[in-house]
Amino acid sequence: MPFLRGDETTQEIIVLAYGMEEGLRGFYTAVSERTDDPDVAGLADKLSEIEERHKERLFALYVSMHSTIALRETFESDIVTGIMEGGFTTEEFMDHNRDAMTTVPDLLSIAMMLETQALDLYMRYSEKIQDAPGKGVLYDLAEEEKGHLTRLGRLMEKKV
Amino acid sequence: MQWKQFITPVASLDADAARAFIGDHKEGTYTLLDVRQPGEYEKARIPGARLVPLPELADRLEELDPDRPVIAY
């Protein structure tokens, strides 16, 4: 599945979003480890924690729709891993974009690009999803990703 | 995490292609959109580019003419 098809089921959307949040969390962890700038590391650590909380909300939403899945480990190993096959890992992503991530503004630019993709995904799928609680969760997550973009933008203003 | 699933495919222009596009099209028939931060815009920008910082873009889409092609950078 090279790109999103556009006709994903609600459950598939939640799983994809969960995988994306894990990617963002891993990205911010990697950024925090690679930068010498304390402001960037501090923001990356905070955003990493928030993406972890997003994963928890998405898992709770999935469980509310799928009562057969109760363990998060099972959800991650059996469902998320399966649907996310192909593509490249966060480490590969970091290595692939190494030349574009040498300065603090570079790192912030990549982070803003990824947050924009997350915002785009949540906005598109919150429109499509029929389940009202699920729609609310996706709108909330979109709003929070927009907040991340704002924080990253403010830090960019400070660093350029 | 596999990143490529999430990258929405959009057409990309390199600098030469963007320059050629601007040269071949009359002003007012396309939108040059600068999505960087205001400080970056103040330092240097493509003449005629309109600033809508990325964090504000989702809330300001109505400011863009949907009938004109948009070159964003």
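In what follows, the accompanying structure is described. Numbers given to residues run from 1 along each chain, matching the order in which its sequence is written. Labels follow written order: the first chain is A, the first ligand is 1, and so on. Where local features are concerned, this predicted model is filtered to residues with pLDDT of at least 70; where side-chain atom pairs are given and counted, the filter is 80 or more; whole-chain, interface and lining totals use all residues. The basis for every side-chain value is the complete set of non-hydrogen atoms in the structure, without hydrogens or water.

1. Thoughts on the overall build of chain A
A tally of regular secondary structure across chain A gives 6 helices and 0 strands. Relative accessibility under 20% of the residue-type maximum defines a buried residue, over 50% an exposed one, and the middle range a partly exposed one, all with a 1.4 Å probe and only protein chains included. Put simply, chain A has 160 residues, and 47% of those count as buried. Note on contacts: a residue pair qualifies if any of its non-hydrogen atoms lie within 4.5 Å across the two residues. By sequence separation, contacts in chain A at least 24 residues apart represent 71% of the contacts at least 6 residues apart. Taken as a whole, chain A presents about 7600 Å² of accessible surface, with 52% of it coming from carbon and sulfur. Strands here mean DSSP runs of E at least two residues long; helices mean DSSP runs of H or I at least four residues long; both are numbered from the N terminus. Values of accessible area rely on a 1.4 Å probe in the Shrake-Rupley scheme; residue burial ignores everything except the protein chains shown.

2. Considering the nonpolar core
What is meant by a nonpolar core is a set of buried Ala, Val, Leu, Ile, Met, Phe, Trp, Tyr and Cys residues, joined one to another through side-chain atoms within 4.5 Å. Grouped together as the largest cluster of nonpolar side chains are 52 residues, with contacts concentrated most on Phe27, Tyr28, Leu58, Tyr122, Leu138 and Leu152 of chain A. At the level of elements, α1 (10-34), α2 (38-65), α3 (72-83), α4 (90-96), α5 (104-128) and α6 (132-159) of chain A together with α3 (54-57) of chain B are the ones that each hand at least two residues to this core.

3. Looking at the packing of α5 of chain A against α6 of chain A
Residues and elements named next belong to chain A. For helices, the axis comes from a line fit to the C-alpha atoms of the stretch in contact; other axes are also lines fit to C-alpha atoms, and the angle between any two N-to-C directions lies between 0 and 180 degrees. Put simply, α5 and α6 touch, their axes get as near as 8 Å, and they point 160° apart. Regarding the angle of α5 to α6, the classification is roughly antiparallel. When you trace α5 past α6, the crossing you get is left-handed. We call Asp, Glu, Lys and Arg charged. Ala, Val, Leu, Ile, Met, Phe, Trp, Tyr, Cys and Pro are nonpolar, and the rest, Gly among them, are polar. Its residues placed into classes, the contact of α5 with α6 shows 18 nonpolar, 5 polar and 6 charged. The scheme is simple: roughly parallel for angles under 35 degrees, roughly antiparallel for over 145, roughly perpendicular for 65 to 115, oblique for anything else. Crossings are sorted by hand: turned counterclockwise from the far helix by less than a right angle, the near helix makes the crossing left-handed, and turned clockwise it makes it right-handed.

4. Thoughts on the environment of phenylalanine 27 of chain A
Tracing the chain through its elements places phenylalanine 27 of chain A in helix α1. Taking the C-alpha atoms as reference points, phenylalanine 27 of chain A and threonine 90 of chain A, 63 residues apart in sequence, are found 6.2 Å from one another.

5. Looking at the environment of methionine 20 of chain A
Looking at the secondary structure, you find methionine 20 of chain A in helix α1. Methionine 20 of chain A sits 98 residues away from alanine 118 of chain A along the chain, and the two C-alpha atoms are 7.4 Å apart.

6. Re the packing of α1 of chain A against α5 of chain A
The relative placement of two packed helices comes down to the angle between their axes together with the axis-to-axis distance. Residues and elements named next belong to chain A. Direction vectors running N to C along α1 and α5 enclose 165°, while the axes themselves pass 11 Å from each other. Taken together, the axes of α1 and α5 lie roughly antiparallel to each other. Of the two elements, α1 crosses α5, and the hand of that crossing is left-handed. Residues Ile13, Ala17, Met20, Glu21, Leu24, Phe27, Tyr28 and Val31 of α1 touch α5, and the partners they reach there are Leu107, Ile110, Ala111, Leu114, Glu115, Ala118, Leu121, Tyr122 and Tyr125. Across the contact of α1 with α5, the residue classes tally to 15 nonpolar, no polar and 2 charged.

7. Notes on the pattern of salt bridges
All names here are of chain A. Here a salt bridge means any side-chain nitrogen of Lys or Arg lying within 4 Å of a carboxyl oxygen belonging to Asp or Glu. On inspection of all chains with the given rule, the structure shows 21 salt bridges over all chains. Between arginine 72 and glutamate 76 there is a salt bridge whose closest N-O contact spans 3.8 Å. Taken together, the positions of arginine 72 and glutamate 76, both in helix α3 and 4 residues apart, correspond to about one turn of that helix.

8. Remarks on the side chain of glutamine 37 of chain B
Along the polypeptide, glutamine 37 of chain B turns up in the loop between β1 (31-34) and α2 (38-43). Under the relative-accessibility criterion, glutamine 37 of chain B is labelled buried at 7%. Setting aside residues up to four positions removed in sequence, glutamine 37 of chain B forms contacts with Met112, Gly153, Arg154, Met156 and Glu157 of chain A together with Leu51, Pro53, Leu54 and Pro55 of chain B.

9. Some remarks on the packing of aromatic side chains
Pairing of aromatic rings covers Phe, Tyr and Trp, the last counted by its six-membered ring, and requires centre-to-centre distances within 6.5 Å; plane angles under 30 degrees mean stacked, over 60 mean edge-to-face, and any other angle means tilted. Using the criterion set out here, one finds 5 aromatic pairs over all chains in the structure. A centroid spacing of 5.6 Å and a plane angle of 85° characterise the contact between phenylalanine 21 of chain B and tyrosine 30 of chain B, whose relative ring orientation is edge-to-face. Members of the aromatic cluster, each reached through a chain of ring pairs, are Tyr18, Phe59, Tyr62 and Phe75 of chain A.

10. Here's the deal with the sheet that holds β1 of chain B
Residue and element names in this part refer to chain B. Two strands form a pair only when DSSP identifies at least two bridges running between them. Here 3 strands make up an open sheet; going across it, the order is β2-β1-β3 and the pairing parallel. With partners counted over all chains shown, the strands left at the sheet margins are β2 (50-51) and β3 (70-72), one partner each. Pairing analysis gives 2 bridges linking β1 to β2, with the strands arranged parallel. By the bridge assignment for β2, aspartate 34 is matched with leucine 51.

11. Observations regarding the environment of glutamate 8 of chain A
Structurally, glutamate 8 of chain A can be placed in the segment before α1. With 117 residues separating them along the chain, glutamate 8 of chain A and tyrosine 125 of chain A place their C-alpha atoms 8.9 Å apart.

12. Digging into the pairing of β1 of chain B
All names here are of chain B. The two faces of β1 match: Thr31 and Leu33 on one face and Leu32 and Asp34 on the other face are all buried. Both β1 and β3 contribute to a ladder of 3 bridges, which runs parallel. Residue pairing across strands places threonine 31 opposite valine 70, the latter belonging to β3. Taken together, β1, α2 and β2 constitute a β-α-β crossover, and its handedness is right-handed. Every crossover in which the path from the first strand over the helix to the second runs clockwise, viewed with the strands pointing away from the viewer, is termed right-handed.

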